[in-house]
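Residue-level listing of the chains:
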Amino acid sequence: MAIFSVYVVNKAGGLIYQLDNYAPRAEAEKTFSYPLDLLLKLHDERVLVAFGQRDGIRVGHAVLSINGVDVNGKYTAEGREMLETDTFKLHCFQTLTGIKFVVLADPRQGGIDSLLRKIYEIYSDFALKNPFYSLEMPIRCELFDQNLKLALEVAEKAGTFGPGS
């Protein structure tokens, strides 16, 4: 399980913080006609190329979608929104002041609601209380970075971010 990215968006819609926590995989979109000259197999809930090579597609590459991905959007309690696909979940928490915290995570990752509350707490403690930080401006605070990375590490290891953490 993994948390891929964290974004903080100001009330005007500008990106004020971005953290890419997970190394992205190289992806390519290819269109083939039937019959395929590739052999596909199911492995660990993923479809992998088992045999064949064509246009940069090799053995071991994962097939991420066939004819698109089903997307389901949901509202959760306390102003959180969630967008779910087969490959990721996008969670959003909007504060009363209009700041939005967005987390992109593995669909199996649990405890994202608690993690979003923790990120808001870290933002309040290390960005807003920093005398050199101006509201609505990009967050450039080393303590914010360190504490956010620590919270993400704890959430990934535990699979959840409990209320006592």
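See the structure above.
Residues numbered from 1 in each chain as written. Predicted model: local features only at pLDDT ≥ 70, side-chain atom pairs only at ≥ 80, totals over all residues. Heavy atoms only, no water.

Caption draft 1: Main features of the overall build of the protein chain. On a plain count of helices and strands, the protein chain comes out with 2 helices and 9 strands. Put simply, the protein chain runs from its N terminus to its C terminus through helices and strands in the order β-β-β-β-β-β-β-β-β-α-α. Here the protein chain holds 165 residues, and 32% of them are scored as buried. Residue pairs in contact within the protein chain that sit at least 24 positions apart in sequence constitute 40% of those at least 6 positions apart. (Helix = DSSP H or I, 4+ residues; strand = E, 2+ residues; numbered from the N terminus. Buried < 20%, exposed > 50% of the residue type's maximum accessible area, 1.4 Å probe, protein only. Contact = heavy atoms within 4.5 Å.)

Caption draft 2: View of the environment of Met137. Here Met137 is to be found in the loop between α1 (112-128) and α2 (142-158). Each C-alpha atom, one on Met137 and one on Val9, is 9.9 Å from the other, the two residues being 128 residues apart in sequence.

Caption draft 3: Fine view of the pattern of salt bridges. A complete count under the given rule lists 4 salt bridges for this structure. Here Lys129 ties to Asp125 by a salt bridge, and the two come within 3.2 Å at their closest N and O atoms. Under the relative-accessibility criterion, Asp125 is labelled partly exposed at 32%. One salt bridge connects Lys157 with Glu153, and the closest N-O pair in it is separated by 3.5 Å. Residue Lys157 and its partner Glu153 are located together in helix α2, separated by 4 residues, close to a single helical turn. (Salt bridge = Lys/Arg side-chain N within 4 Å of Asp/Glu carboxyl O.)

Caption draft 4: Spotlight on the packing of aromatic side chains. Taken as a whole and assessed by the stated rule, the structure comprises 4 aromatic pairs. With centroids separated by 5.6 Å and ring planes inclined at 50°, the aromatic side chains of Phe101 and Tyr120 adopt a geometry described as tilted. Of this pair, Phe101 sits in strand β9 (residues 100-105) while Tyr120 sits in helix α1, and the two are 19 residues apart along the sequence. Relative accessible area serves as the criterion here: at 0%, Phe101 is assigned to the buried category. Taken together, Phe93, Phe101, Tyr120 and Tyr123 form an aromatic cluster joined through their ring pairs. (Phe/Tyr/Trp six-rings, centres within 6.5 Å; stacked < 30°, edge-to-face > 60°.)

Caption draft 5: Inspection of the side chain of Gln109 at higher detail. Here Gln109 is to be found in the loop between β9 and α1. For Gln109, the side chain forms a polar contact with the main-chain oxygen of Ala155, separated by 3.0 Å. (Polar contact = N/O pair within 3.5 Å; in protein donor to acceptor, adjacent residues only side chain to side chain.)

Caption draft 6: Local environment of the packing of α1 against α2. In contact at an axis separation of 9 Å, α1 and α2 are set at 165° when each is read in the N-to-C sense. By the angle between their directions, the pair α1 and α2 is classed as roughly antiparallel. Of the two possible hands of crossing, α1 and α2 adopt the one that is right-handed. Only Leu143, Phe144, Asn147, Leu148, Ala151, Leu152 and Ala155 of α2 make contact with α1, whose side of the interface consists of Leu115, Lys118, Ile119, Ile122, Tyr123, Phe126 and Ala127. Broken down by class, the residue content of the contact of α1 with α2 amounts to 12 nonpolar, 1 polar and 1 charged. (Axes fitted to C-alpha atoms, helices over the stretch in contact; angles between N-to-C directions. Parallel < 35°, antiparallel > 145°, perpendicular 65-115°, else oblique. Left-handed = near helix turned anticlockwise from the far one by under 90°. Nonpolar A, V, L, I, M, F, W, Y, C, P; charged D, E, K, R; others polar.)

Caption draft 7: A look at unusual backbone geometry. Despite not being glycine, Glu136 has its phi angle at roughly 70°, a positive value. With respect to the helices and strands, Glu136 occurs in the loop between α1 and α2. Taking the relative accessible area as the measure of exposure, Glu136 reaches 25% and is therefore partly exposed.

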